[in-house]
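Observations on the model geometry
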Amino acid sequence: MDFDAIFTSQIETLKAEGNYRYFADLERRRGKFPRAANRHEGATRDVTVWCSNDYLGMGQHPDVVAAMCEAVHRSGTGAGGTRNISGTTHDHLLLEREIADLHRKDAALLFTSGYVSNWAALSTLGSRLPGCVILSDAGNHASMIEGIRHSRAQKVIWRHNDVADLEAKLRALPADVPKIVAFESVYSMDGDISPMRQIVEVAEKYGAMTYLDEVHAVGLYGPRGGGISEREGLAHRITLIEGTLGKAFGVVGGYIAGSAPLCDFIRSFASGFIFTTALPPAVAAAARASIMHLKASGFERARQRRQVAQVRARLDAQGIPHMSNESHIIPVLIKDPVKCRMLSDYLMDEWGIYVQPINYPTVPKGTERLRLTPSPMHTDADVDHLIAALTALWSQCALARAVA
Ligand SMILES: *Cc1c(COP(=O)(O)O)cnc(C)c1O
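Keep in mind that this is a model prediction, so the values were computed, not measured.

Each pair of packed helices gets described by two things: the angle between the helix axes and the distance between those axes. Two numbers describe how helix α7 (residues 163-171) lies on helix α8 (residues 196-205): the axes approach to 10 Å, and their chain directions differ by 10°. In terms of axis orientation, α7 runs roughly parallel to α8. Two secondary-structure elements touch here, α7 through Val163, Leu166, Glu167 and Leu170 and α8 through Gln198, Ile199, Val202, Ala203 and Lys205. Grouping the constituent residues of the contact of α7 with α8 by class yields six nonpolar, one polar and two charged.

So this is what it looks like as structure tokens:
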């Protein structure tokens, strides 16, 4: 059988639709964020990254880099085992304590990524709570969807951010079955924020557990970077908070935080926690340094907010349409995968601006977009340059402008 022919033909379909993915070859340069070197067709060029999820540049923060280097020199590279078999280092325990404190929960549990934490926690809860029903927001991330699917629990999808629909669906379920309401705080691609207080109130009314993905909010919102649940004073009413160490904290890894019995339960039964090598201790040390810094410092958050507001205002002034939301994510809708790719290539080639085109399946077909994430390290000159580039593009390509 010619397997490669099967692979190639499916890839050709993706290419024909404009949905084939080309990765930019980047080399990040410590201390130069958001600048990076991009190797392309045999040459190397300097680009400004406008689509990073290292939202605050913490991946290059001196304290975080120093913590990782110190731990490598102290402990070496890998953890040397699964958490159960020699892989629980003191750095892991300190980090779990730090995360529990960040969300003011009794306990926390580390995973190798945010994806794995969602997949493992939801599949374990859904399969081990007898008769469990998971009520999932229609906009939830792939990692939550896969975890729910793997649990084989009954799944009920409620309309995105629609509390009335959630309540109708909760009301229709028997009172005595365990229910989990799974949702996010900041949705990654539209940047909209869930009505958390109302969701929590409805969930409480029906005795449901709340499962909250704060991946795009931790480090960024709340006085200590505890996310939207901290900002809204709701963390203590959320059963489980899930987060990542790979986005605003600038390292890698995922976690859940909740009650001691909840974390012990996932620790004891989740295959995705048990059967994999623990994160390197140096990663844990760096993530802890990053969390500690952002707990104490509001400077990066304030400066990011300023640059986000600036980019929005400047886009508005040029009539360049972008989705409005309350977060740090600025989606500029292009609504066509081929055009989106072309614009992205043009920005890179002609302006040294890197914004990855976002296409299916990350977003629904017809909602392709450029997703801008201004950081505290983007200077006012960077903003000027971005706006000049987009303005030129909008004129040259006769793209639709927003009606003022
Ligand atoms: C990125 C993302 C994750 C996964 O986190 P990683 O640490 O990158 O694996 C989970 N949930 C949402 C909403 C995300 O955008």
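Following the structure, the description resumes.
Turning our eyes to something else, we now look at the side chain of Asn38. Mapping Asn38 onto the fold places it in strand β2 (residues 35-40). Asn38 sits in the buried class, given a relative accessible area of 2%. A polar contact of 3.0 Å, which involves the side chain of Asn38, links it to the backbone oxygen of Asp25. If we skip the residues at most four places from it in the chain, Asn38 touches Ala24, Asp25, Leu26, Ala43, Thr44, Arg45, Val47 and Met348.

A separate point is the layout of surface pockets. Quantified by volume, the largest pocket comes out at close to 1,300 Å³. Ser188, Met189, Ile358, Thr362 and Val363 are, among the 41 residues lining the largest pocket, the residues nearest its centre. For the lining of the largest pocket, the elements supplying multiple residues, two or more each, are β1 (25-28), β2, α6 (142-151), β13 (357-358) and β14 (369-372). Looking at the lining of the largest pocket, its residues break down into 20 nonpolar, twelve polar and nine charged. Taken as a whole, the second largest pocket holds about 280 Å³ of empty space. Forming the boundary of the second largest pocket are 14 residues, of which Arg83, Glu96, Leu109, Arg267 and Phe273 lie nearest the centre. Taken together, the residues of the lining of the second largest pocket break down into seven nonpolar, two polar and five charged.

Turning next to helix α5 (residues 114-128). Counted at 1.5 Å a residue, the expected span for α5 with its 15 residues is 21 Å, and the 21 Å between its end C-alpha atoms agrees. All buried positions along α5 are accounted for by Gly114, Ser117, Asn118, Ala120, Ala121, Leu122, Ser123, Thr124, Leu125 and Gly126. Regarding α5, its N-cap is Ser113, as a side-chain oxygen of that residue lies 3.3 Å from the backbone nitrogen of Tyr115 further along.

Let's shift gears to the nonpolar core. Within soluble globular proteins, side chains that are nonpolar generally end up buried alongside one another. Of all hydrophobic cores here, the largest spans 54 residues; its most connected members are Ile99, Val181, Phe183 and Leu245. Ranked by the residues each element gives to this core, the list is headed by helix α12 (residues 281-296), at six residues. Not counting residues up to four positions away in its chain, the partners in contact with Val181 are Leu135, Trp158, Leu166, Leu170, Ile199, Ala203, Ala208, Met209, Thr210 and Tyr211. Counting residues in each nonpolar core, the second largest holds 29 residues, with Val47, Val311, Ile353 and Leu393 among its members.

What follows concerns the sheet that holds β13. Taken in spatial order, the three strands of this open sheet run β11-β14-β13, and their pairing is antiparallel. Every other strand in the sheet has two partners, leaving β11 (330-333) and β13 as the edge strands with one partner each. Sheet topology places β13 next to β14; two bridges connect them, and they run antiparallel. Note on β14: the bridge partner recorded for Ile358 is Arg369.

Next up on the list: the sheet that holds β1. Sheet strands associate in pairs through backbone hydrogen bonding, adopting either a parallel or an antiparallel arrangement. Here we have four strands laid out as an open sheet, ordered β1-β2-β3-β12, and mixed in their pairing. Each edge of the sheet is formed by a strand with only one pairing partner; in this case those strands are β1 and β12 (353-354). Sheet topology places strand β3 (residues 43-49) next to β12; two bridges connect them, and they run parallel. Residue pairing across strands places Val49 opposite Tyr354, the latter belonging to β12.

Time to look at the pairing of β14. For a regular strand, side chains alternate in direction, first toward one face of the sheet and then toward the other. A two-sided burial pattern is seen for β14, the buried positions comprising Arg369 and Arg371 on one face and Leu370 and Leu372 on the other. Here four bridges tie β11 to β14, and the two strands are oriented antiparallel to one another. By the bridge assignment for β14, Val332 is matched with Leu370.

So, about a nonpolar patch on the surface. A contiguous nonpolar surface patch, about 490 Å² in accessible area, is contributed by Met1, Phe3, Ile6 and Phe7. Tracing the backbone through its elements, the reader meets Ile6 in helix α1 (residues 3-17).

Here is what the cut-offs are and how they apply
- Residues numbered from 1 in each chain as written.
- Predicted model: local features only at pLDDT ≥ 70, side-chain atom pairs only at ≥ 80, totals over all residues.
- Heavy atoms only, no water.
- Axes fitted to C-alpha atoms, helices over the stretch in contact; angles between N-to-C directions.
- Helix = DSSP H or I, 4+ residues; strand = E, 2+ residues; numbered from the N terminus.
- Parallel < 35°, antiparallel > 145°, perpendicular 65-115°, else oblique.
- Contact = heavy atoms within 4.5 Å.
- Nonpolar A, V, L, I, M, F, W, Y, C, P; charged D, E, K, R; others polar.
- Buried < 20%, exposed > 50% of the residue type's maximum accessible area, 1.4 Å probe, protein only.
- Polar contact = N/O pair within 3.5 Å; in protein donor to acceptor, adjacent residues only side chain to side chain.
- 1 Å grid on protein atoms, 1.4 Å probe; cavity = no way out; pocket = protein on both sides within 12 Å on 5 of 7 lines; lining within 4 Å.
- Points joined across faces, edges and corners; volume = space filled by probe spheres on them.
- Expected span 1.5 Å × (residues − 1).
- Core = buried A, V, L, I, M, F, W, Y, C linked by side-chain atoms within 4.5 Å.
- Pairing = 2+ DSSP bridges.
- Patch = residues over 30% accessible without salt bridge, like charges linked within 9 Å, V, L, I, M, F, W, Y side chains within 5 Å.
- Areas by Shrake-Rupley, 256 points an atom, 1.4 Å probe, with all protein chains shown as cover.
- Salt bridge = Lys/Arg side-chain N within 4 Å of Asp/Glu carboxyl O.

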